Amino acid sequence: MFFYLELPNLPQPPAHFINRCYDIMKTATTDNDFMTGWISSKEFQTRKIIKNGKEMNTRSQRGFHIGDDWEHWVRENIVSDFYDAGLRISFGENTNIHGPHCDNPDKWKLYYLIDKGEDGDNAETVFYYDPGKPIEIRNMQVGINYCVNNIDRLVPIFKVKIPLHTWVLLNVNVLHGVENIEGNRINLAVLINKDQLEFTIKLTIIRNLKNWKLR
C-alpha cells in the first residue's frame with residue numbers, strides 16, 4: 001500500500017495548457033463543471049464537517065475540460081488510457097478545509113499542482129485512518145464517494161505538502177483531505193484504472209560499515 005508517490009520524471013505539461021487553465025479559472029463556477037454523480041450533488045457539496053469540535057463548511061473540487069488536444073497530449077506523454085483528464089479547482093465558502101473523502105473505487109489519480117492558492121505553502125494534504133474500517137476503502141459502488149464529516153474521529157496517518165509543477169500519484173482509495181487552503185488552488189488530474197500503471201517500489205538500506213558498530 002502507498003499513499004503518495006512523486007513522479008519527477010514524467011514530462012511537464014506545455015505552457016499553453018497551463019495558461020488555458022488560468023483562463024478557464026476566471027469564469028469557472030460550480031454550475032459549469034463536468035463532474036457528475038454524488039460528488040456533484042448538493043448533499044456532498046454542502047455537507048458540514050467538524051474539526052476540533054467546531055462545525056464548518058467544506059471545500060470541494062470541481063472538474064473542467066481543457067480540450068481534446070490536452071487529452072491527446074496526456075495519451076501521448078503520460079498514460080495511454082484514462083478515466084478522465086482535466087482541470088480541478090477548489091471551491092468553498094468560509095472554510096479552508098477540504099473534508100476527508102475517497103474518490104471512485106479502484107482508481108488512482110495522477111495529480112499535478114499548478115497553483116497552491118494564497119499562502120499556499122501552508123496547505124497540507126492529509127491521509128486518515130477511520131478506526132474500525134480498512135485503510136483502503138474499496139467496497140463502494142462505482143461513482144459513489146465515501147466521506148467522513150467528523151474529522152475529530154479520524155487518525156491522521158500521513159501528511160504531505162504537495163510540490164508545485166511535479167506529477168504525483170495519489171492513492172485516492174484512502175481517506176484524504178486538504179487543510180489550510182486559501183484562494184484558488186488548482187491542479188491537473190488524470191484518473192486512471194489501477195491496471196493502467198505498473199511501478200515498483202524498492203527499499204534500499206545502506207550501511208556505512210566503516211562507522212557502523214555492533215552494540
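For the structure given in this document, a descriptive report is provided here. The structure presented is a predicted model; accordingly, all values stated were derived computationally and were not measured.

Next up on the list: the pattern of salt bridges. A full pass over the atoms with the stated rule returns eight salt bridges. We note a salt bridge from Asp 69 to Arg 20, for which the minimum N-O separation is 2.8 Å. Highlighted residues: Asp 69 in helix H3 (residues 68-77) and Arg 20 in helix H1 (residues 15-27), separated in sequence by 49 residues. With its nearest N and O atoms 3.6 Å apart, the salt bridge here joins Lys 26 to Asp 23. With Lys 26 and Asp 23 both in helix H1, this residue pair falls three residues apart, about one helical turn. Lys 26 gets classed as exposed once you look at its relative accessible area, which sits at 66%. For Asp 23, a relative accessible area of 45% translates into the label partly exposed.

With phi around 55°, Asn 52 is a residue other than glycine that occupies positive phi space. Relative to the elements of secondary structure, Asn 52 occurs in the loop between strand E2 (48-51) and strand E3 (54-57). Judged by relative accessible area, which is 63%, Asn 52 ranks as exposed. Positioned with a positive phi, His 165 is a non-glycine residue whose angle comes to about 55°. By the element assignment, His 165 lies in the loop between strand E10 (155-160) and strand E11 (167-170). Judged by its relative accessible area of 42%, His 165 is partly exposed.

In this section: the nonpolar core. Trp 70, Val 74, Leu 87, Trp 167, Leu 188 and Val 190 are the most contacted members of the largest nonpolar core, which totals 28 residues. Breaking this core down by element, the ones donating at least two residues are H1, H3, strand E5 (84-91), strand E7 (107-115), E11 and strand E13 (186-193). Discounting chain neighbours no more than four positions away, the residues touching Trp 70 are Pro 13, Phe 17, Ala 85, Gly 86, Trp 167 and Leu 188.

In this section: H3. Restricting attention to buried positions, one finds in H3 the residues Trp 70, Glu 71, Trp 73 and Val 74. Buried residues of H3 fall within an arc of 155° about the axis and therefore sit on the same side. Opposite the buried face of H3, by more than 90 degrees, sit the exposed residues Asp 68 and Glu 76. Where H3 is buried, its residues meet H1, E5, E11 and E13.

Scoring rules and cut-offs
- Residues numbered from 1 in each chain as written.
- Predicted model: local features only at pLDDT ≥ 70, side-chain atom pairs only at ≥ 80, totals over all residues.
- Heavy atoms only, no water.
- Salt bridge = Lys/Arg side-chain N within 4 Å of Asp/Glu carboxyl O.
- Helix = DSSP H or I, 4+ residues; strand = E, 2+ residues; numbered from the N terminus.
- Buried < 20%, exposed > 50% of the residue type's maximum accessible area, 1.4 Å probe, protein only.
- Core = buried A, V, L, I, M, F, W, Y, C linked by side-chain atoms within 4.5 Å.
- Contact = heavy atoms within 4.5 Å.
- Arc of directions from axis to C-beta.

So far we have only geometry, and geometry alone does not tell us how the molecule works.
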